[in-house]
Amino acid sequence: MSDGPPASLAPPLGLLAELTHRCPLACPYCSNPLALERQGAELSTAAWAGVFAEAADLGVLHVHLSGGEPASRRDLVELTAAAHAAGLYTNLITSGIGTDAVRLARLRDAGLDHVQLSIQDTEAESSDHIAGYPGAFARKQAFAREVTALGLALTINAVVHRANIGRVGAMIETAATLGAGRLEVAHTQYYGWALRNRAALMPTRAQVERAMADVEAARPRHVGRMVIDLVVPDYYARRPKPCLGGWGRRSLNVTPSGRVLPCHAAETIRGLEFWSVRDRHLAEIWAKSPAFEAFRGTGWMREPCRSCSLRELDFGGCRCQALALAGDAAAADPACDLSPHHARMLALAEEASADPGIRYEYRGRGHLRGAPVPIPAG
Ligand code: SF4
Ligand code: FES
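Each value, and the rule that gives it
- Residues numbered from 1 in each chain as written.
- Chains lettered and ligands numbered in written order.
- Predicted model: local features only at pLDDT ≥ 70, side-chain atom pairs only at ≥ 80, totals over all residues.
- Heavy atoms only, no water.
- Helix = DSSP H or I, 4+ residues; strand = E, 2+ residues; numbered from the N terminus.
- Buried < 20%, exposed > 50% of the residue type's maximum accessible area, 1.4 Å probe, protein only.
- Contact = heavy atoms within 4.5 Å.
- Areas by Shrake-Rupley, 256 points an atom, 1.4 Å probe, with all protein chains shown as cover.
- Pairing = 2+ DSSP bridges.
- Right-handed = clockwise from strand over helix to strand, strands pointing away.
- Near = heavy atom within 4 Å.
- 1 Å grid on protein atoms, 1.4 Å probe; cavity = no way out; pocket = protein on both sides within 12 Å on 5 of 7 lines; lining within 4 Å.
- Sits in = over half its atoms within 2 Å of the grid points.
- Nonpolar A, V, L, I, M, F, W, Y, C, P; charged D, E, K, R; others polar.
- Points joined across faces, edges and corners; volume = space filled by probe spheres on them.
- Axes fitted to C-alpha atoms, helices over the stretch in contact; angles between N-to-C directions.
- Parallel < 35°, antiparallel > 145°, perpendicular 65-115°, else oblique.
- Left-handed = near helix turned anticlockwise from the far one by under 90°.
- Salt bridge = Lys/Arg side-chain N within 4 Å of Asp/Glu carboxyl O.

Caption draft 1: Examining the overall build of the chain more closely. Looking only at helices and strands, the chain has 14 helices and nine strands in total. In terms of overall dimensions, the chain has C-alpha extents of about 50 × 50 × 45 Å along its principal axes. Residues classed as buried in the chain amount to 53% of the 378 residues present. Contacts in the chain between residues far apart in sequence, at least 24 positions, make up 72% of those at least 6 positions apart. When the accessible surface of the chain is totalled, it reaches about 15600 Å², and 55% of it is carbon and sulfur.

Caption draft 2: Quick peek at the pairing of strand β6 (residues 182–187). Pairing analysis gives six bridges linking strand β5 (residues 153–160) to β6, with the strands arranged parallel. For asparagine 157, the partnering residue across the bridge sits in β6 and is glutamate 184. Each parallel crossover has a hand, and for β5 linked through helix α6 (residues 168–177) to β6 it is right-handed. Sheet topology note: the β6/strand β7 (residues 227–231) ladder contains five bridges and is parallel. Each bridged residue has a counterpart across the sheet, and for alanine 186 the counterpart in β7 is valine 231.

Caption draft 3: Spatial organisation of helix α4 (residues 124–131). Taken as a whole, α4 has its buried residues at Ser126, Ser127, Asp128, Ile130 and Ala131. Those residues of α4 that are buried are in contact with α5 (136–149). Glycine 132 sits one or two residues past α4 and shows a positive phi near 65°.

Caption draft 4: Representation of the site of ligand 1 in the model. Every residue near ligand 1 is listed here: Arg239, Pro240, Pro304, Cys305, Cys308, Leu310, Arg311, Asp314, Gly316, Cys336 and Leu338. Most atoms of ligand 1, that is more than half of them, are within 2 Å of grid points of the second largest cavity. Of the residues belonging to the shell around ligand 1, the class tally is seven nonpolar, one polar and three charged.

Caption draft 5: Quick look at empty space enclosed by the protein. According to the stated counting rule, one finds five cavities of 30 Å³ or more in the structure shown. By volume, the largest cavity is sized at about 140 Å³. Around the largest cavity, the lining comprises 18 residues; the ones closest to its centre are Cys243, Gly246, Trp247, Gly317 and Arg319. For the lining of the largest cavity, the residue count by class is eleven nonpolar, three polar and four charged. As for the second largest cavity, its lining consists of 13 residues, of which Cys305, Cys308, Asp314, Gly316 and Cys336 are closest to the centre. A breakdown of the residues in the lining of the second largest cavity according to their chemical character gives eight nonpolar, two polar and three charged.

Caption draft 6: Focus on the packing of α6 against helix α9 (residues 205–222). At a closest axis distance of 9 Å, the pairing of α6 and α9 adopts a crossing angle of 30°. When the axis of α6 is compared with that of α9, the two are roughly parallel. Judged by the sense of rotation from one axis to the other, the crossing of α6 with α9 is right-handed. From α6, Val168, Gly169, Ile172, Glu173 and Ala176 reach across to α9, where they touch Ala211, Asp214, Val215, Ala218, Arg221 and His222. When grouped by side-chain class, the residues that make up the contact of α6 with α9 number six nonpolar, two polar and three charged.

Caption draft 7: Structural detail: the pattern of salt bridges. A complete count under the given rule lists 17 salt bridges for this structure. The salt bridge partner of aspartate 109 is arginine 108, with a shortest N-O separation of 3.3 Å. Under the relative-accessibility criterion, aspartate 109 is labelled exposed at 59%. On the basis of relative accessible area, arginine 108 is assigned to the partly exposed category, the value being 33%. We note a salt bridge from aspartate 337 to arginine 239, for which the minimum N-O separation is 2.4 Å. Here aspartate 337 is found in the loop between α13 (319–326) and α14 (342–353), whereas its partner arginine 239 is found in the loop between β7 and β8 (251–254), with 98 residues between them in sequence. By relative accessible area, which is 32% here, arginine 239 ends up partly exposed. If you follow the salt bridges from partner to partner, you end up with Arg22, Glu42, Arg73 and Asp75 in one network.

By themselves, these figures tell us nothing about what the structure is for.
Shown next as structure tokens:
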């Protein structure tokens, strides 16, 4: 499919270490796969330490300690210490559940540099409902205060969708009050479990436009104190994002059991061959793994991407989204209005966002709780 990696292949900058798929929350927008990896299949402490050392040798600068909920790993302090000892900048991506003040202090002392805390909403009832976890809101607020009290850098991550997108302005003020240096407002990406809840999560175009205006209006008030990043939704876009900066160009993911993926959802693409850190050195995987080579560069592209002047800028968008919506991972991302599937993608969004009475499906719990997601005004 590909012309193969260029001779001048640059090293990846970031490593997403999916330490575990275990998680106490049940967010309906979870982008982890439908079939989660079992605890018994997870890499050991020593194996992860080896991965971090190999990543640093390869040129990786940042490691994102992620999950699931990484705090579900009892050895999180040891893992953080190993990543720090390898010379990596360490970022903990967490729900804030499962880490008390004592453990957080141990993480800092082990070399943790940065914490990225997810919030589900700015109101307790809605927040706990979305997380599928009573008390999550209060715990997260307390956790954020503990992070800043310890002098750790804090980013707040808010995944927005139909039920909470109307409170983007309040999210910005909440993040500022909690002392975050950065806020990421990210529209739901419909991969993994989230795709199952697409009808309940999809906002209307009017909601999206209002939220984008709220972010623009708030930015000047926070200049110099908090950076606000906005990830806009693909379903209402005209051009796709260069997913992860291009397939196999900047980052890699290691799953809990050690398989190395070019992106979070790559395993949805049938026929790709993924290599494991259990069998091979990370540098060899980065350079030669068939999964990384499959969509590197532009040689795999078809029309309209192949002759498009933007192909080196967006790399044809997202391969996983192309598969999910066009049925072909080598097609142009349907977020692009040059794709023959673009109109259907927009129609899907409009149809889904108007769908009344849909309840969230929680992983492992069915449609157990909560009220239907409200139909937004406007
Ligand atoms: Fe990007 Fe392909 Fe669309 Fe051109 S045709 S803008 S390369 S997705
Ligand atoms: Fe796989 Fe975008 S999530 S390429």
